[in-house]
Structures are given as C-alpha cells and as structure tokens.
Amino acid sequence: MLKDSFRDLYLNKNFSKAKNFYICRVTNKELMLKGIYHSLTERKRLGKKSFAVLIDPDKVNDQNLEHLIALAVNAKVDYFLVGGSLVISNYLDECLQLIKKSCSIPTVLFPGSTAQVSRFADALLYLSLISGRNPELLIGQHVVSAPNVKKSGLEIMSTGYMVVDGGAPTTVSYISNASPLPADKNEIAMCTAMAGEMLGMKLIYMDAGSGAMRPISESMIEKVAQSIEVPLIIGGGITDPEKVYLNCKAGADVIVVGNAIEKDASLIKEMAAAVHSAGVGVL
Ligand code: 1GP
C-alpha cells in the first residue's frame, strides 16, 4: 500500500483513494513549504488539535515501521516525533528515510541527546529543560551542539520542556538528573511555562515521561494553556482515546503518544479521531 503512487491509483481506477492521496500530498507540501512551526501555529489559530506519534528508533524495524506508517497515514496523523531519552541503536537516519519515502507526514526530532540530530528529519524540537535545574540541559548541551544544529539545515523550534512527575521514575526523569515538576503544583507549572514563553520559547512541551504511570492532569493542562499563547504539547502515559480527548479539551494543542501505540498500533486510529474531534474544525 505504501508503494502506491497517485498515478498507480489513478490507473487502477481507485479514484477516491487517488483524490485523498493527492489532497494529502498537496496539503502537507504547502505546510512544509511554510515550515512546521507555521503549521502548528496555524492549526492552533484555527482551533485544530494535532496528533503526533512518537517513534523510538530503538523499538522499531523496517517491517513494523512500515505497518505503523500505513496506519498513521490512514488515521491522518499530523506529525511523527522521532527520538527518545536514551537511543542506543543506529537506526535513526534509516528510520527517518523510510518515513520520508513512504508518506508525507512531517518528521520532528525529539532528541534525548545531541547525538540525535539527523538531516533526514524536517524539524527539531530544540529542548531546554525549564522544569529542572540542571544547567547542562538548560543551556550547556545547546552551546556545545549549536554549530552542528545550525549546519543541519533543520527547522529549529525552541521548546520549553517541562517534565512533570508521572508517579514513578521514568527514563527522562532519571537521565535528566533533575527533579520533575510536582504533579499537583499547577501554579508552578503555569509560572514555568509563562517564563519559558517570555524567554522566547516557541513551544511548551509538558511531559510526564514515556510510559508514565500517571499522565498530566487536565487541571494542570488547563492552567498552563490559559497562561500562554504558544502551542502546548502534552505527552507521557496517555493510553486511551478518552484521555486524549480530555487533554485536548483542557487546552493541549498537540498530543504525543508513544508507548501505548508501541503495544497496540491499532490505537492510532481512535486516538487520532479523538484528537481531531476535539478541535473546532475537522480536517
Ligand atoms: C514521552 O511524551 C512522550 O516523552 C510519550 O510518552 O510513550 O508514554 O506515550 P508515552
């Protein structure tokens, strides 16, 4: 199915699929020309919610990635986030190339370290861990990697990254060597996000950590969403479409899901539908 082209579909008289394929290509191409950040802010302005599937290069291979891409295209997933707090394999470049040749869903790097920069992605979340007090992750690693990041040609999106306590230590809370933001301190979350925005961060990403026992509460999402203008990304421990929907209604602009989809890829469809139904407009 991934090898289908507009021409093949048309010649096989699969007109409705050909039309969808064409519209999807054109729409995504237009978005790509103006940049991913533009697409994120535009979607927010229009009241549309976005769904991003997180791909950890350590946990996929060509076969299951192709399957995942096919499901994502079918479900109209808006973005792929690629990366992880700890990536050991060398599959990052290949993984991005496979996505690129198979579909037009934009790829955004979500790097756990400076080693996870690849020119095969479309954009990079340039994360500063503003919830922690570890200077290395606030600015230190950025200084060291700045020339390479600039040279990569990727669209760089500065992101105020806030790790929120998810009920148990996660890879990100351990690796970052910084205390996560307490889950019930909505005011601290609000002030942190506001500070990040005023410091010039283009995005705020609140993350309970991959596989978190307890995802971020709707009350915290609401408090933060009401206090900032930039798009708000929410992820960590989200396992069902209902939670996805409630998070969007509380003010999340982008929902990120990784673990739950790794365990059951068929969740993509329902989760994407929940995200898109929570927006003002329907794609
Ligand atoms: C983790 O927000 C992401 O950084 C996604 O978390 O894997 O728990 O969905 P999950």
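The rules behind these values
Residues numbered from 1 in each chain as written. Predicted model: local features only at pLDDT ≥ 70, side-chain atom pairs only at ≥ 80, totals over all residues. Heavy atoms only, no water. Helix = DSSP H or I, 4+ residues; strand = E, 2+ residues; numbered from the N terminus. Phe/Tyr/Trp six-rings, centres within 6.5 Å; stacked < 30°, edge-to-face > 60°. Buried < 20%, exposed > 50% of the residue type's maximum accessible area, 1.4 Å probe, protein only. Salt bridge = Lys/Arg side-chain N within 4 Å of Asp/Glu carboxyl O.

Caption draft 1: Just unusual backbone geometry, in detail. Look at Lys76: it is not a glycine, yet its phi comes out positive at around 60°. Counting through the fold element by element, Lys76 comes out in the loop between helix H4 (62-75) and strand E2 (79-82). Within the chain, Asn177 stands out as a residue other than glycine whose phi angle is a positive 55°. Inspection of the secondary structure puts Asn177 in the loop between helix H7 (171-175) and helix H8 (186-198).

Caption draft 2: Here's a closer look at the packing of aromatic side chains. This structure, assessed with the given rule, holds three aromatic pairs. Summarising the aromatic geometry, the rings of Phe110 and Tyr205 are spaced 5.0 Å apart at their centres and angled 25° between planes, so their arrangement reads as stacked. Of this pair, Phe110 sits in the loop between strand E3 (107-109) and strand E4 (123-129) while Tyr205 sits in strand E6 (residues 203-207), placing them 95 residues apart in sequence. Neither residue differs from the other here; Phe110 and Tyr205 are each classed as buried. Members of the aromatic cluster, each reached through a chain of ring pairs, are Phe110, Tyr161 and Tyr205.

Caption draft 3: Quick peek at the pattern of salt bridges. Applying the stated criterion to the full structure yields eight salt bridges. Between Glu187 and Lys223 there is a salt bridge, and its shortest N-O distance comes to 3.7 Å. Remark: Lys223 occurs in helix H9 (residues 218-225) and Glu187 occurs in helix H8; sequence separation between them is 36 residues. With a closest N to O distance of 2.8 Å, Lys243 and Glu218 form a salt bridge. Of this pair, Lys243 sits in helix H10 (residues 241-250) while Glu218 sits in helix H9; the two residues are 25 residues apart in sequence, bridging distant segments of the chain.

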